[in-house]
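Understanding the architecture of this molecule
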Amino acid sequence: VETMSCTTGSLTPASWSCIEDPCPALEGIANAPKLTCKEGKSILSGKVCSTLCKGGYTPNYPEMKCRRGKFFSPSTYICEPDACPLPNVRNRLESGCSGLPHPALVSSGTSCSAQCSPGYTPSVANLKCFAGKLTPGTFTCTEDPCDAPSGIEDGATQSCKEGKVISSGDSCTTQCASGYTPSKSTLACSLGKLSPSTYSCNPDPCVLPQFSNRKGNGCKGQTGRTIESGVTCIAQCQQGYTPSETSLKCTATVLTPRTFTCDPDPCPLPSISKAQGNGCKGLSGSMIDSGGKCQAECQAGYAPSVKELSCQATILTPATFTCNPKACKLPRVQYQAGNGCQGKGGRYIASGSSCQTQCSAGYTPDIASLSCFAQQLTPTTFLCNPTPCTLPRVTNMQGNGCKGKVGTVIASGAICSTTCSPGFEASVGKLTCTAGTLSPASFTCSEVRCRSPTGLPHAPHVGCAQGSTIAGGSSCTPRCNSGYKPSAASLACRQGVFEPSSYSCLPSPCNIPGISNAANPRCKEGNIIQHGQKCTPKCRTNYVPSNSGLTCMAGRLNPSTFSCQAPCAAPNVADANQPCKEGNLIQHGASCTSQCNAGFSATSGSLECNNGRLGGRVVCQIEMPQVGSRFYNCWSGDPHFTCRHGRRSDPLVPGTHWVLRQSCPNSPNFMWVQGVYGPVNPSGAMATAFGGMFLGKNILTIRANSNPPWIAKWNGADVRRKWQVVRRHRGRVKYRYIYRGTKYTITMRGNHIEVGLSYGVTYKASRHGWNRQNWKVSGIYYTDFYMSNQLWSNLCARGSFKGEAIELPHPRWQWHPPGD
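This one's a predicted model, so the numbers in the text were calculated from it and none came from an experiment.

The next subject is the overall build of the protein chain. Secondary structure summary: the protein chain contains two helices and 94 strands in total. Residues counted as buried form 37% of the 820 residues belonging to the protein chain. When contacts within the protein chain are restricted to residue pairs at least 6 apart in sequence, long-range pairs at least 24 apart make up 36% of them. Total accessible area on the protein chain stands at roughly 46600 Å², and carbon and sulfur atoms take up 49% of it.

Below is the structure:
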């Protein structure tokens, strides 16, 4: 320590000592940093200085020891440059530097001659070392390329398609001159060497020509489509053909000559018996060129078996022919049968055959047969002579049956005058012989005929059904006019006389036909009525005959029949317990006197019964009061109003009945639209019912109400649920329903209601200023007036409607039904 302090008798520090001086770090060492000791600028005596050098240099003494602050031991050091380690290069040879072992270092200031393994070349020649650093820092050993082979015989100008130099790892695609093929298609380059190292160019084979008629591939002893270069093809063809060249030589794909043809050989002509010359018309010699034709030719009287022979490469088609003797043409002979030969057809017969002559029926040939040889008939023709006729043998004929002739035959052209024994007559006067045939072929000898009766009463002019004459031994069937029958079934003819000699026509009875609903028997006199008698018709109970009587005259009724007319059942009429005054069954021709229940009147006074059908129709309608007199009539043609005490008032006034009148021909003229009563005090409840022809059997009711203002019902159900809503606008609601093509609408808005029909009729009502307290609304009554008749669908298709309103104060017209 440099100082000590004393405090109250104590030293701080308590003592001190003398130590050796330190050694200052060395300075000015070449290639060393300014601070040469790792431990600092001053090194304690006895301690070590770890020497330092710049990068790439190493101290020759790594340590120096300080001695008593005066010197280091050793006294100094130097920074020596480092050697360079060799880089680790793939494919180097040994250490990678020529002359240096492996492993080795390159001394600073010296150079390394780079070396690679065989087949590789260093990227740089030398690397220089200085202070541990090589320049350049490393090198690479790259694979050596290959030189393309040279001096290839028949090779291409450039032996490798890729060029003169081939990179290691690549291949050389070998090339030859045209017509040659390399022995190796590729040579692989590896580390400067080709494998294989070279190749040769071999000449290519020749492709053999293709043509017809060659044998095999066209070369003798060869197979396939090619022959090798240097080989000679000995040309060969199929049998019947000769090659145009004897041989072809192949030199590197080239044939010399380039091709040959197989030419067809001629055909030798066959030796033909009876042929004319060599057998070919217009040709000479014993051969015919291939492709030629021989028109076959024979000697006179002979014909070739084929017309033509064709030659193709020594082969005749057909191979030969024969000269056959010609057939003989048959002569045309008058009256010959067929072609004149038995069992043969056509106009010719074959040479060497015979014709057995034949003639038509009634003719005989003068020669039995004709012989044919080589177109010559012997003899050349024959004749057909007519045959005589054999006479027939006829029962009851006189002699041979021919007047003035003897024998059993007559010559062709002769005539036989027929003759019979006495009491018989011939069926024909003569027989004519023509070429063995009699015309007619025979005759008969029959008894003398009877003449039919004529002019008999009630009979046709000719009385026999068989005609005006009847053969002996036969019978006559007598005939009568319609309604008569003959007295005899038949008349037998015996040698010209009838047995019995004649007949008469008697009138026939009448058979009554089957008649529906008639009694049995159908006539009071029976079902069979004699001529001149009368039939009184009879029918079942309640049925009436159409005629009082029928008369029978000669099998015919006058009138021809009658019918049983059916009764009529009384009609089923509403509001009529017994619609007909006469009862429930009205006989044909009688009338039903119409009648109705009390309070109703019939639309028709009487209905006539005609064979089960009542004429006309009756309806019981309620007895309407007459318009006028006690009631006020406000008729104006406008249906949109009501009338009360002769004055116009708002529509649908309570207590008022409406009548809608329709102008429709032949139909009832009104239907109901009814007002309904409310309580007398306060007055104001109202409703209406629509029905009848407008709505069929449906009922539309409308009733004034407190809330809602109106209640409209369709067959008892609220229209708001049954009808379609078609419009809602500012409190107005319109409902629609379509029935049988008619569109009905109801429009409600507050106290106003409107009912519309698509026929152009609209009913309107409104309510205001009425006392709505203590309402007791009576029920709605709807009369089923004309409803069952469905008049709307059946009547008045083109009618028009008009409205009339009247007040009906009579008690009978004021209904107070219970319920709603």
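The next subject is the pairing of strand 43 (residues 336-341). Two faces belong to every sheet, and in a regular strand the side chains alternate between them. Here strand 43 lies mainly inside the structure; five of its six residues are buried. With two bridges joining them, strand 43 and strand 45 (residues 354-359) adopt antiparallel strand pairing. Considered in strand 45, the bridge of Gln 336 is made with Cys 359.

What follows deals with the packing of aromatic side chains. Across all of its chains, the model carries three aromatic pairs by this definition. Look at Tyr 335 and Tyr 363: their rings are 4.0 Å apart centre to centre, the planes differ by 10°, and that puts the pair in the stacked class. With Tyr 335 in the loop between strand 42 (328-329) and strand 43 and Tyr 363 in strand 46 (residues 363-365), this pair connects stretches of sequence that are 28 residues apart. When its relative accessible area of 17% is taken as the criterion, Tyr 363 is described as buried. Ring centres 5.6 Å apart and planes at 25° place the aromatic pair Trp 723 and Tyr 737 in the stacked group.

What follows is about the pattern of salt bridges. Under the definition given, this model contains two salt bridges. Close ionic contact of Lys 293 with Glu 308 constitutes a salt bridge, the shortest N to O distance being 3.8 Å. Of this pair, Lys 293 sits in strand 37 (residues 293-298) while Glu 308 sits in strand 39 (residues 308-312), placing them 15 residues apart in sequence. A relative accessible area of 31% places Glu 308 in the partly exposed class. Arg 720 serves as the salt-bridge partner of Asp 718, at 2.8 Å between the closest nitrogen and oxygen. Residue classification places Asp 718 among the buried residues on the basis of a relative accessible area of 17%.

As a further point, take the sheet that holds strand 5 (residues 48-50). Strand order in the open sheet formed by three strands is 5-7-8, with antiparallel pairing between adjacent strands. Taken across any chain shown, the strands that pair with only one partner, and hence form the sheet edges, are strand 5 and strand 8 (71-73). Neighbour to neighbour, the strand axes of the sheet diverge by 35° on average, direction disregarded. Bridge analysis of strand 7 (residues 63-67) against strand 8 gives three bridges, and the strand direction is antiparallel.

Along the chain, Asn 511 falls in strand 65 (residues 510-511). Once the C-alpha coordinates of Asn 511 and Cys 552 are considered, the two residues, 41 residues apart in sequence, prove to be 9.1 Å apart. Sequence-distant contacts of Asn 511, defined by excluding residues within four places in its chain, comprise Asn 527, Ile 528 and Leu 557.

Note that Gly 46 resides in the loop between strand 4 (42-43) and strand 5. Among the residues examined, Gly 46 registers a relative accessible area of 41% and is labelled partly exposed. Linking Gly 46 and Lys 65, residues 19 residues apart in sequence, is a C-alpha distance of 6.2 Å. With residues up to four places along the chain from it excluded, the contact list for Gly 46 reads Lys 65 and Cys 66.

This part takes up the sheet that holds strand 48 (residues 376-378). The sheet built from four strands is open, its strands ordered 43-45-47-48 with antiparallel pairing. Sheet topology places strand 43 and strand 48 at the edges, where each strand pairs with a single neighbour. Between one strand axis and the next, the sheet turns through 25° on average, direction left out of account. Relative to strand 47 (residues 369-373), strand 45 runs antiparallel, the two sharing three bridges. Counted as the bridge partner of Gln 356 is Ser 369 from strand 47.

A cluster of basic residues, Arg 727, Arg 732, Lys 734, Lys 743 and Arg 749, forms a positive patch at the surface. Secondary structure elements with two or more residues in the positive patch: strand 90 (732-739) and strand 91 (742-749). Structurally, the position occupied by Arg 732 is in strand 90.

This part is about the pairing of strand 37. Across the two faces of strand 37 the burial differs, with Cys 294, Ala 296 and Cys 298 buried and Lys 293, Gln 295 and Glu 297 not buried at all. Sheet topology note: the strand 35 (residues 275-280)/strand 37 ladder contains two bridges and is antiparallel. Bridging across to strand 37, Cys 280 finds its partner in Ala 296. Across three bridges, strand 37 lies against strand 39 in antiparallel orientation. Within strand 39, the residue paired with Cys 294 across the bridge is Leu 309.

A few words now on the state of the cysteines. If you walk through the whole model with that rule in mind, you get 30 disulfides. Between the sulfur atoms of Cys 206 and its disulfide partner Cys 250 the distance amounts to 1.9 Å. Torsion about the S-S bond of the Cys 206 and Cys 250 cystine: about 90°, corresponding to right-handed handedness. In this pair, Cys 206 is assigned in strand 26 (residues 206-207) and Cys 250 in strand 31 (residues 247-251), connecting sequence segments 44 residues apart. Side by side, Cys 206 and Cys 250 carry an identical accessibility label, which is buried. At a sulfur-sulfur separation of 2.0 Å, the disulfide partner of Cys 420 is Cys 445. One quick way to see it: the torsion about the S-S bond of Cys 420 and Cys 445 is about -85°, and its sign makes the bridge left-handed. You can see Cys 420 sitting in strand 53 (residues 415-420) and its partner Cys 445 sitting in strand 57 (residues 445-447), a full 25 residues away along the chain.

With an omega dihedral of -10°, the bond running from Ser 73 to Pro 74 counts as a cis peptide bond. For Pro 74, the position within the fold is in the loop between strand 8 and strand 9 (79-81). Here the residue pair Asn 558 and Pro 559 is connected by a cis peptide bond, since its omega of -10° sits within 30 degrees of zero. Of note, Pro 559 is situated in the loop between strand 72 (556-558) and strand 73 (564-565). In this model, Thr 8 sits at a positive phi of 50°, which is unusual for a non-glycine residue. You can see Thr 8 is positioned in the loop between strand 1 (5-7) and strand 2 (10-12). Exposure remark for Thr 8: the relative accessible area of 78% places this residue in the exposed category.

With respect to the helices and strands, Gln 115 occurs in strand 13 (residues 111-116). For Gln 115, the side chain forms a polar contact with the main-chain oxygen of Leu 93, separated by 3.2 Å. Other than its neighbours up to four places away in sequence, Gln 115 contacts Arg 92, Leu 93, Glu 94, Gly 96, Cys 97, Ser 98, Phe 139 and Cys 141.

In this fold, Thr 419 is placed in strand 53. Within the structure, the side chain of Thr 419 is placed 3.3 Å from the side chain of Gln 398, a separation counted as a polar contact. Excluding anything up to four places from it in sequence, Thr 419 contacts Met 397, Gln 398, Gly 401, Cys 402, Lys 403, Phe 443 and Cys 445.

Each value, and the rule that gives it
Each residue is numbered by its place in its chain's sequence as written, counting from 1. Note on the predicted model: pLDDT of at least 70 is required for a residue's local features to be given, and 80 or more for side-chain atom pairs to be given and counted; whole-chain, interface and lining totals, by contrast, use all residues. Side-chain metrics rest on all non-hydrogen atoms present in the structure, leaving aside hydrogens and water. The helix and strand labels rest on DSSP assignments: H or I over at least four residues marks a helix, E over at least two residues marks a strand, and numbering proceeds from the N terminus. Exposed residues in this analysis have more than 50% of their type's maximum accessible area, buried residues have under 20%, and partly exposed residues fall in between, with area computed by a 1.4 Å probe over protein chains only. Whether two residues are in contact is decided by their heavy atoms: any pair within 4.5 Å suffices. Note on areas: Shrake-Rupley, 1.4 Å probe, and residue coverage restricted to the protein chains presented here. Strands were regarded as paired on the criterion that DSSP finds at least two bridges between them. The pairing test for Phe, Tyr and Trp rings, Trp by its six-membered ring, is centres within 6.5 Å, and the orientation test on the planes gives stacked under 30 degrees, edge-to-face over 60, and tilted for anything in between. Any Lys or Arg side-chain nitrogen found within 4 Å of a carboxyl oxygen on Asp or Glu counts as a salt bridge. Think of each axis as a best-fit line through the C-alpha atoms, taken over the contacting stretch in the case of a helix, with angles from 0 to 180 degrees between the N-to-C directions. In this analysis, a patch consists of residues with relative accessible area above 30% that form no salt bridge, clustered at 9 Å for like charges and at 5 Å for the nonpolar side chains Val, Leu, Ile, Met, Phe, Trp and Tyr. Only four residue types enter the tally: Lys and Arg on the positive side, Asp and Glu on the negative side, with His and both chain ends excluded. A single reference atom marks each charge: NZ on Lys, CZ on Arg, CG on Asp, CD on Glu. Two cysteine sulfurs form a disulfide in these notes if their separation is within 2.5 Å. Throughout this description, a polar contact denotes any pair of N or O atoms lying within 3.5 Å of each other; where both atoms belong to protein, one of them has to be capable of donating a hydrogen while the other can accept it, and for residues adjacent in sequence the pair is counted only when both atoms sit in side chains.

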